Amino acid sequence: MHSGIQRFLVLLTAMVLLGPSASAAENPQQPFSARVKVSVEGHERVISAVRGYLTGELQALGDVELVDENHQLELSVLAGELSCEGDKRTGYVLSILVIEPFDCSLIAWCAEQRHKEALKSMTSDLVSYPRWHWLRACGPASLPDICKMVITDFNSEVLEKRRKLFQAIHR
């Protein structure tokens, strides 16, 4: 395949996966950064602890920006307590979805100027299907460890692929 076409396809793929800010022409020295939203629902006694452990681990990665809006990825977590015989806590269970919101900026970029805003508003609520799903369970004292495992998986399965693509574009 012609190298110019290959470069165009890599840039187009990057715009779709990393967002329009991934364009090398905009800022060739720009470091990789992922905008991530963390949503935790479930049992009220574990929501804040799970959110705290996950956001702490994400911040420790150094190239993740935690946001509530305009995110590139969402970690959507359903957290529950495992118990038996009354209220005796025997552990925790986490269901983790990684969701990539639909990015209409590429479509809007391709559209005629007079249709851009209408197209953006029609596609703004679209989300892609969940890209990854993990189910984790642990004992009552292992909640920090299981949250660390979740972010380790997220880093290796999701972010590392994005970093490699970003580096390939910015060479």
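Below or above, wherever it landed, is the structure these notes cover. (Residues numbered from 1 in each chain as written. Predicted model: local features only at pLDDT ≥ 70, side-chain atom pairs only at ≥ 80, totals over all residues. Heavy atoms only, no water.)

Overview of the nonpolar core
The line we're drawing: By convention a nonpolar core is built from buried Ala, Val, Leu, Ile, Met, Phe, Trp, Tyr and Cys residues, the set being connected through side-chain atoms within 4.5 Å. Accessibility here uses a 1.4 Å probe with only protein chains present; expressed as a share of the type maximum, an area under 20% marks a residue as buried, one over 50% as exposed, and anything in between as partly exposed. Pairs of residues are marked as contacts when any of their non-hydrogen atoms sit within 4.5 Å.
Grouped together as the largest cluster of nonpolar side chains are 31 residues, with contacts concentrated most on Val50, Leu54, Leu94 and Phe154. Apart from residues no more than four positions distant in its own chain, Val50 is found in contact with Val40, Val77, Ala79, Leu94, Leu143 and Cys147.

Quick notes on helix H5 (residues 143–169)
Keep this limit in mind: Where helices and strands are cited, they refer to DSSP runs of H or I of at least four residues and of E of at least two residues respectively, numbered from the N terminus. The span you would expect from a helix comes to 1.5 Å times its residue count less one. What we call the bend at a residue is the angle made by axes fitted to the seven residues finishing there and the seven residues starting there.
The first and last C-alpha atoms of H5 sit 38 Å apart over 27 residues, in line with the 39 Å expected at 1.5 Å per residue. In the structure, H5 departs most strongly from a straight axis at Leu159, where the bend amounts to approximately 40°.

A look at the environment of Ile47
Here Ile47 is to be found in helix H2 (residues 47–61). Ile47 sits 31 residues away from Leu78 along the chain, and the two C-alpha atoms are 8.6 Å apart. Not counting residues up to four positions away in its chain, the partners in contact with Ile47 are Val40, Glu41 and Gly42.

Re the packing of aromatic side chains
We count it as follows: Here a Phe, Tyr or Trp ring, Trp counted by its six-membered ring, pairs with any other such ring whose centre lies within 6.5 Å, and the pair is stacked when the planes are under 30 degrees apart, edge-to-face when over 60, and tilted otherwise.
Under the defined criterion, the tally for this structure stands at one aromatic pair. Taking the centre distance of 5.6 Å and the plane angle of 75° together, the rings of Phe32 and Phe166 count as edge-to-face. In this pair, Phe32 is assigned in the loop between helix H1 (3–18) and strand S1 (34–42) and Phe166 in helix H5, connecting sequence segments 134 residues apart. Across the pair, exposure class does not vary: Phe32 and Phe166 are buried alike.

What about the pattern of salt bridges?
Going by this rule: The rule for a salt bridge is simple: a side-chain nitrogen of Lys or Arg has to be within 4 Å of a carboxyl oxygen of Asp or Glu.
Using the criterion set out here, one finds five salt bridges in the structure. Linking Glu160 and Arg163 is a salt bridge whose minimum nitrogen-to-oxygen distance equals 3.0 Å. Here Glu160 and its partner Arg163 are both found in helix H5, three residues apart, which amounts to about one turn of the helix. Judged by its relative accessible area of 11%, Arg163 is buried. Residues joined by salt bridges that share partners form a network here, namely Asp63, Glu160 and Arg163.

Everything listed is a geometric property; what it means functionally is a separate question.
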